Amino acid sequence: MKRILTMLAIALAAVVCEAAPAKVPVAALKALKATRGKQIRTGIVFMDGKYIPPPYVVERYGTAIRINNIQVTGPLIPWDSFLRTQEGAKVTTSTTEIAPADGASEPEVEIEEDFDDDDPLADLFGDEPKPKKAKKAAKKPAGPRKVTTTKVEFDGEFEMNAASQKMVARINSRRTVIDQKLRAGGFVFFGSDYAGTSGDAATAKKIIAVLPEAMQTATSEAQLSSICRSHGLSFLSAPIIADLFENRDGYVRLVERRRKMAEEAKWNNMLNGGN
């Protein structure tokens with residue numbers, strides 16, 4: 001019984017600590033509002049290894065991007081950057097020193113030293129490289145660490161000016177790129193704490209052909225990674241593989257999506273005069 005309770009506690013802690021994109025400040029949502037695209041029925045989207053089924057609606061949500069009301073990025077431009085454009089904004093910078101932990105020291109530095117040799121060209125033409133010996137510098141006590149923080153304060157009513165409009169346009173541009181990628185049948189992997197990846201329709205078809213069975217049969221992250229690499233999906237990073245393995249029960253929805261994509265392709269072929 002004690003063991004079961006311990007396992008439940010660990011599981012609950014994992015749920016609580018699950019990473020998520022930083023939230024958009026309420027003030028940013030109020031001032032910048034949102035830009036929403038039209039519905040998309042093509043493409044493939046993953047967020048933290050979880051497959052999001054279509055249809056998709058990609059929107060700029062204040063300073064971040066959402067798909068189907070799920071925030072898939074953190075703020076792309078800090079809200080403080082917008083506040084800096086406002087007349088009357090107050091910017092303060094402070095530096096504090098953080099004392100090192102007891103017993104902390106600077107890391108050892110490894111220094112390589114060549115052995116003496118009468119012939120300076122011996123290593124250049126010799127059959128075997130001369131060995132090198134390494135010296136380690138003595139550890140130094142760690143000193144205090146300086147941390148600089150900048151704070152932007154603004155109490156007035158936010159006004160959209162030229163500088164703010166440029167930043168909003170940059171975020172809208174990112175929204176448009178994702179929107180167009182999906183409309184062209186491409187794919188996008190998003191992650192809360194790692195850089196995602198995206199690609200074209202041809203690679204999306206390869207993903208949907210390989211990933212369901214790979215996720216279903218893999219018994220470890222290493223095995224899932226190996227299967228993906230062997231089928232040309234080596235661009236999937238270790239964090240993405242880890243998330244996919246964690247959510248491997250989602251393969252069922254991927255199988256269903258593949259079936260629907262095959263049906264759509266068949267109907268499109270018939271409509272275009274194919275056999």
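Just so you know, these numbers come straight off a predicted model, no measurement behind them.

A word on the environment of Ala31
With respect to the helices, strands and loops of the structure, Ala31 is situated in helix 2 (residues 26-32). C-alpha of Ala31 to C-alpha of Glu159: the two residues are 128 residues apart in sequence and 7.9 Å apart in space. Setting aside anything within four residues of it in sequence, one finds Ala31 in contact with Trp79, Phe158 and Met160.

Section: the packing of helix 6 (residues 201-217) against helix 9 (residues 251-271)
Running from N to C, helix 6 and helix 9 point in directions that differ by 155 degrees, and their axes come no closer than 9 Å. For the element pair helix 6 / helix 9, the angle class is roughly antiparallel. Seen along the crossing, helix 6 lies across helix 9 with a hand that is left-handed. Listed contacts from helix 9 to Ile208, Ala209, Leu211, Pro212, Glu213, Met215 and Gln216 of helix 6 are Tyr251, Leu254, Val255, Arg257, Arg258 and Met261.

Thoughts on the sheet that holds strand 11 (residues 187-190)
In any sheet, the strands associate via hydrogen bonds between backbone groups, in a parallel or an antiparallel arrangement. Sheet architecture is open: 4 strands sit in the order 3-2-11-12, paired in mixed fashion. Since the sheet does not close on itself, it has two edges, and those belong to strand 3 (50-52) and strand 12 (197-199), each with one partner. This sheet shows a mean twist of 15 degrees between the axes of neighbouring strands, independent of strand direction. Note that strand 2 (residues 44-47) and strand 3 share 3 bridges and pair antiparallel.

Description of the pairing of strand 5 (residues 64-67)
Alternating positions in strand 5 separate into two faces, Ala64 and Arg66 on one and Ile65 and Ile67 on the other, with burial throughout. Examined bridge by bridge, strand 4 (residues 58-61) and strand 5 share 4 bridges and lie antiparallel to one another. When the bridges of strand 5 are listed, Glu59 appears paired with Arg66. Connecting the antiparallel pair strand 5 and strand 6 (residues 70-71) is a turn made up of 2 residues, with Asn68 showing a positive phi of about 55 degrees.

What counts, and where the lines are drawn
- Residues numbered from 1 in each chain as written.
- Predicted model: local features only at pLDDT ≥ 70, side-chain atom pairs only at ≥ 80, totals over all residues.
- Heavy atoms only, no water.
- Helix = DSSP H or I, 4+ residues; strand = E, 2+ residues; numbered from the N terminus.
- Contact = heavy atoms within 4.5 Å.
- Axes fitted to C-alpha atoms, helices over the stretch in contact; angles between N-to-C directions.
- Parallel < 35°, antiparallel > 145°, perpendicular 65-115°, else oblique.
- Left-handed = near helix turned anticlockwise from the far one by under 90°.
- Pairing = 2+ DSSP bridges.
- Buried < 20%, exposed > 50% of the residue type's maximum accessible area, 1.4 Å probe, protein only.

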